Amino acid sequence: MGGRSGAGAGSWGGPPHEELLARAVVRTGGIDAQDRARLREAAAHAAGNGTPLRELIDAYLGALCRTCAPSAGGAGGGCAVSVPVPAQVLGPVREVAVTLTEGYEAAHRAAIRREEEIRQAFLDELLHGAGDLGRMAEQAHRIGFRFAGPHRVAVARAEAPFSAADPATRYVEEAMASGYGAGESLVAAKDGMLVCICAGSGASAAEHFAEHVRRSLARHPRIAVSRPRPGANGVVRCYREARETLDLAHRLAVSGAVIHASDLLVFQVLGRDRAAITDLVATVLGGLERARGGPGPLLHTLTAYFDSGCTNTVTARRLGLSVRTVAYRMARVRTLTGYDPTNPDQRYTLQTATLGARLLNWPALPLQPSD
């Protein structure tokens, strides 16, 4: 055999190319189990070193060409070893290429699984909020995630729960990885939802995440985006805020596939003291229960009135009513509640109570007094 190793497999953990390939070519039955094991080991070692697959196969097949190159004094272009006819040569060559590819791909898949496990463990510990910051900083560095600075968190929920292996999750992960540099975003499935931690205070990464989720196979997804906050504890608060925003949007029947926490901030503030908002709704709007047909129609008109900028004309157009009907209902609200929606001093109290009614889903659900 030739002593030349070229881009020899010895540097990848396998035998020299010339030795392995010469035996494969000379043997008409192809390579044996031991040869395959050594090839897979060399391929796995190459994958671990980051050697491209094309370079690995080129090096092995190049060694075959060198082994079977015509000898300097050979008549008629003879080989340095006893070589079978060309048709018999193709089988062993194919086996070498296929075995190298199998070993390389197996090592690549194993590396991907290890990285996914590390990323999932990091995200779980980070969002749990009780991990060791020093260890998490090391993990963040290992997976290439930028831990410092502000972050936003976007959370997606769909008809079918998200999982680590489903096509929708894969699609979004790959789309975000290709669209942003390392450390800019971290996507993983958690508790049936898809979570994206976005570095920076801007909303562009979260918006791209939402767009990719809508383009994925997930059916009827809804996405909530938190406000930005700094540090590890800020990520935890962002995650909780995004989840609460999703739940709140569901209770309020908010339209739209993407909901920003800042858009529902007033409801979050009101919801922090449920007893107080319940008392406010009962005190300010309780009189509407005396209306013919119940409080629903008047409350619906009042909500539309505030959403329309307190203009009867716009309110009538939105509700498909006449302006006269809207004016009559506003007068009934004033009579039954004692609060005048056209009076700036009383409007704020009435509008806050109306928002509280939406938050509590009243009158569909009865009020539950704190005492």
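Residues numbered from 1 in each chain as written. Predicted model: local features only at pLDDT ≥ 70, side-chain atom pairs only at ≥ 80, totals over all residues. Heavy atoms only, no water.

## Digging into the overall build of the protein chain
- When you go through the protein chain residue by residue, the secondary structure sums to 14 helices and 6 strands.
- Taken across its 371 residues, the protein chain has 42% of its residues classed as buried.
- Accessible surface for the protein chain amounts to roughly 19,100 Å². Of this, 52% is attributable to carbon and sulfur atoms. (Helix = DSSP H or I, 4+ residues; strand = E, 2+ residues; numbered from the N terminus. Buried < 20%, exposed > 50% of the residue type's maximum accessible area, 1.4 Å probe, protein only. Areas by Shrake-Rupley, 256 points an atom, 1.4 Å probe, with all protein chains shown as cover.)

## Here we look at the layout of surface pockets
- In this structure, the second largest pocket occupies an estimated 300 Å³ of space.
- What lines the second largest pocket is a set of 15 residues, and nearest its centre among them are Leu299, His300, Thr303, Arg358 and Trp362.
- Elements with a contribution of two residues or more to the lining of the second largest pocket: helix H8 (231–252), helix H11 (296–307) and helix H14 (344–360).
- Examining the composition of the lining of the second largest pocket, we find that 6 residues originate from one element, H11, more than from any other.
- Among the residues making up the lining of the second largest pocket, the classes are represented as 8 nonpolar, 4 polar and 3 charged. (1 Å grid on protein atoms, 1.4 Å probe; cavity = no way out; pocket = protein on both sides within 12 Å on 5 of 7 lines; lining within 4 Å. Points joined across faces, edges and corners; volume = space filled by probe spheres on them. Nonpolar A, V, L, I, M, F, W, Y, C, P; charged D, E, K, R; others polar.)

## Some words on helix H10 (residues 274–285)
- In this model, H10 (12 residues) spans 16 Å end to end at C-alpha, consistent with the 16 Å of a helix rising 1.5 Å per residue.
- Regarding H10, the residues found buried are Ile277, Thr278, Val281, Val284 and Leu285. One side of H10 carries all its buried residues, which in axial view fall inside an arc of 150°.
- On its buried side, H10 packs onto helix H9 (265–271), H11, helix H13 (323–337) and H14. (Expected span 1.5 Å × (residues − 1). Arc of directions from axis to C-beta. Contact = heavy atoms within 4.5 Å.)

## Description of the side chain of serine 185
- By secondary structure assignment, the location of serine 185 is in strand E2 (residues 185–190).
- Other than its neighbours up to four places away in sequence, serine 185 contacts Phe145, Met176, Cys196 and Ile197.

## Observations concerning the confidence of the model for the protein chain
- Per-chain confidence: the protein chain averages 79 in pLDDT, with 77% of residues scoring 70 or above.
- The least confident element of the protein chain, judged by mean pLDDT, is helix H1 (residues 17–26) at 54; the most confident is strand E4 (residues 222–225) at 95.
- A low-confidence stretch, residues 1–15 (pLDDT under 50), is modelled with 41 contacts involving residues beyond four sequence positions or located in other chains.
- Confidence over residues 72–85 falls short of pLDDT 50; this stretch has 18 contacts with residues more than four positions distant or in other chains. (pLDDT = per-residue confidence, 0-100.)

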